[in-house]
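# Residue-level structure breakdown
Listed below are the residues making up each chain.
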Amino acid sequence: MKRALSLLLLIATLLLSLVACAEGQAGQTDESAVQEGSEQEMLDNIPADLKFNGEDVVIISRSMQGWTQDEVAVPELNSEPVNDAMFNRNVAVSDRLNVNIVSAPLEDPSAYKPVEEVQRAVKAGSADYDLLAGAAYVAAPAALEGTFYDLTQLEYLDLSQDYWMQDYNDAMSYQDMQFTATGMIALSTYRFAFVTLFNKDEFDNKSVPYLYEAVANNEWTLDYQAQLAEDFYRDTNGSGKADEGDFFGFVSCWGINVDAYWASCDLPIVEKNAEGEYEFVLDIARYSDVMDKVLYLLYECGGTAVYDAITDNAEQDLMREVFARGECAMTTLRLVAVEQPDVRNMEQPYGIVPVPKYEASQPEYGTMMHDQFTVFAIPSSAAQNRLEMLGATLEVMASESARTVKPAYYEIAVKRKYMSDPVAWDMLDLIFSDV
C-alpha cells in the first residue's frame, strides 16, 4: 500500500505539473479543401497542389526492436502487411508534398535519449531535427521547458481530425496550446494497449465459459479474475505450495501491469473543469477499494504468479513466454505481445479481452496505454520558414497512416494473421473504443 500511495503521489504531481505550459508562437490557420473526387478527400484537407522543394524532413526517433523500430520508416518492402504499408505511407507523403522523409533513429533503448537530443539541439539553437517521435511520458515534461513548438499554430495541421487521438488532445492541451500529438500516426497507440490474454484450452478443460461471455454480461471484474486464478491453479511440481514450476491461473507483474487498473477501474486522477483548468478528482475511497482488490488478486488469492519489474520491461517477455508455453491460464500484457513469434506460433488457441473492471456496475471497460507510446512534436528551434512544411508533413503522415497503416496492422496483422478467433475481433474493437 505504501508503494501504491507513493505511485499515486508521483503520478498526481506529474500530471498537475502539466498546468504550466510554455508560451506558444503566433501563426496562421487554413481551412482549404481538396478538390472534389481527389484521392485525399476522405481523410485530410491538405490542398492537392501543395508542394515543397524536395526538402528533407528529418525525424529523430527511438528505434526499439519489437516496439517502435518501424513507426517512422522501414528500409524496404518485404511482403509483410505492416512493413509494406509503412513503406508506402512514406512514399505517399513524399509524392503528395514533394518532401523527403529522413529517419534518424537512435538505437539506444532508453526512452529519454531522443528527447534529450532534441533538447540539446534546441538549447544550441540548432535545427538538426525537424520532428520528434518520442515516448509520451518523456515528452510531456520536456514541453514545459519550451522544447517544442505550439502545434495549434501550424497552418496545415488539423488536430480535430479523427486520426489524431482526441482524448489525448483534450488532456494535453491547455489555454489553446498543445505541444505534442499522437494517434494513428503511431503504431504504438495500438501496440501499447494493455489487454488480457487467456488460454482457451484451459477454459475448455475446466468447462469454464470463455471470458467473452463475462465481458458481455459485465461480469469481468477483479473479483471474478481472482476467483478464476485460484480455480485454475495447479500444484504441478507437488511441492505443496505455489512456486516456480506450478501452473498458475494468472501471471502478472507489480510494475507497469498495475498501471492498467487506473483506466480499467475508472480511476481518473486529474480532469479539466468547466474553465479548462486541471483539477484533482481522484476518489480516494474508490481507490482504496480498488487497491484492496488488486492486492488480493496479486498476492492473496493463491493462484497468481507475480513477477518483479526488470529493466527495459524484460519481465514482460518472461510473462509472455510462460503464457505461450501454455503454463498459465491468463496474463495481462500489451497488445504488442501477440506480434511475437512464440504467441503467433502458440499451439494452444488463445483469446483476448480487456483488463477487468472494478465492479459489475461500472458502465464501461477502460483501456490503458503504456506511457511509452509515441507522440510527435516539432522542436522549438525549427526555422519559421519550414513550419508550413512540417505541419503539412505531420498531417499527411497521420492521414495516410489512417488510410493504409492502421488497416494493415489492425485488420490484417492483428485480427486475421495473429488471431484466429473472430469473437476476439469484437473484443479488440471494444478495447480500443475506450482507450
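The following refers to the structure shown.

About the criteria used
- Throughout, residues of each chain are indexed from 1 in the direction in which the sequence is written.
- Totals for whole chains, interfaces and linings use every residue, but because this is a predicted model, local features are given only for residues with pLDDT of at least 70 and side-chain atom pairs only at 80 or more, for both listing and counting.
- In computing side-chain values, all of the structure's heavy atoms are included and hydrogens and water are not.
- The pairing criterion is simple: DSSP has to find at least two bridges between the two strands.
- Going along the chain from the N terminus, every DSSP run of H or I of four or more residues is numbered as a helix, and every run of E of two or more is numbered as a strand.
- Axis angles are defined between N-to-C directions and span 0 to 180 degrees, where every axis is a line fitted to C-alpha atoms and, for a helix, only to the segment in contact.
- Contacts are residue-level and defined by heavy atoms, with any inter-residue pair within 4.5 Å sufficient.
- Counted as salt bridges are all cases of a side-chain nitrogen of Lys or Arg within 4 Å of a carboxyl oxygen of Asp or Glu.
- We call a residue buried when its accessible area falls under 20% of the maximum for its residue type, exposed when it is over 50%, and partly exposed in between, using a 1.4 Å probe and counting protein chains only.
- Note that the term roughly parallel is reserved for angles under 35 degrees, roughly antiparallel for angles over 145, roughly perpendicular for angles of 65 to 115, and oblique for everything else.
- For any helix crossing, the convention is left-handed if the near helix is rotated counterclockwise from the far helix by under a right angle, and right-handed if that rotation is clockwise.
- Note on aromatic pairs: the rings of Phe, Tyr and Trp (six-membered ring only in Trp) are paired at centre separations within 6.5 Å, and the planes decide the class, stacked below 30 degrees, edge-to-face beyond 60, tilted for the rest.

## Considerations on the sheet that holds strand S3 (residues 131-135)
Here we have four strands laid out as an open sheet, ordered S2-S1-S3-S11, and mixed in their pairing. Only two strands of the sheet have a single neighbouring strand rather than two, namely strand S2 (99-106) and strand S11 (374-377). Pairwise comparison of adjacent strand axes, ignoring direction, gives a mean angle of 20° for this sheet. Alignment of strand S1 (residues 55-62) against S2, held across eight bridges, turns out to be parallel. Among the inter-strand pairings, valine 58 is bridged to a residue of S2, identified as valine 102. Across the face of the sheet, helix H14 (residues 387-417) comes into contact with S1, S2, S3 and S11 while running at roughly 60° to S1.

## What about the pattern of salt bridges?
Per the stated rule, a full pass over the model turns up 20 salt bridges. Linking arginine 386 and aspartate 130 is a salt bridge whose minimum nitrogen-to-oxygen distance equals 3.0 Å. Highlighted residues: arginine 386 in the loop between S11 and H14 and aspartate 130 in the loop between helix H3 (112-123) and S3, separated in sequence by 256 residues. Each member of the pair, arginine 386 as well as aspartate 130, carries the same accessibility label: buried. Arginine 320 is the partner of aspartate 342 in a salt bridge, and the nearest nitrogen-oxygen pair spans 2.9 Å. You can see aspartate 342 sitting in helix H13 (residues 341-344) and its partner arginine 320 sitting in helix H12 (residues 314-324), a full 22 residues away along the chain. Several salt bridges converge on common partners, so that one network encompasses Asp44, Arg96, Glu400 and Arg403.

## As for the packing of H3 against helix H4 (residues 136-143)
Taken N-terminus to C-terminus, the directions of H3 and H4 make an angle of 25°; their axes are 9 Å apart at the nearest point. Classed by the angle they form, the pair H3 and H4 counts as roughly parallel. Handedness of the crossing formed by H3 with H4: right-handed. Here Tyr112, Val115 and Gln119 of H3 lie close against H4, whose contacting residues are Tyr137, Val138, Ala139 and Ala142.

## Concerning the side chain of serine 188
By the secondary structure assignment, serine 188 is in helix H6 (residues 188-191). In contact with serine 188, not counting residues within four places along its chain, are Glu71, Met369, Phe373 and Thr374.

## Quick look at the sheet that holds strand S9 (residues 328-334)
Pairing in this open sheet of five strands is mixed, and the strands run S8-S5-S9-S4-S10 from one edge to the other. Looking along the sheet, the strands with just one partner apiece sit at the ends: strand S8 (304-307) and strand S10 (350-353). The average angle at which neighbouring strand axes cross in this sheet is 25°, direction not considered. As paired elements, strand S4 (residues 194-199) and S10 share four bridges and run antiparallel to each other.

## Overview of the packing of aromatic side chains
A complete count under the given rule lists 17 aromatic pairs for this structure. Centroid distance tyrosine 112 to tyrosine 137: 5.7 Å. Interplanar angle 85°. Geometry classified as edge-to-face. Highlighted residues: tyrosine 112 in helix H3 and tyrosine 137 in helix H4, separated in sequence by 25 residues. Residue class for tyrosine 137 comes out partly exposed when judged on its relative accessible area of 30%. Ring geometry for tyrosine 174 and tyrosine 278: centres 5.8 Å apart, planes at 20°, overall stacked. Taken together, the positions of tyrosine 174 in the loop between helix H5 (166-172) and H6 and tyrosine 278 in strand S7 (residues 278-280) put the pair 104 residues apart, joining distant regions of the chain. In terms of burial, tyrosine 174 and tyrosine 278 fall into one category: buried. Among the aromatic side chains, those forming a connected cluster through ring pairs are Phe198, Phe203, Tyr210, Tyr212 and Phe232.

Any link to function would need more than the numbers given here.
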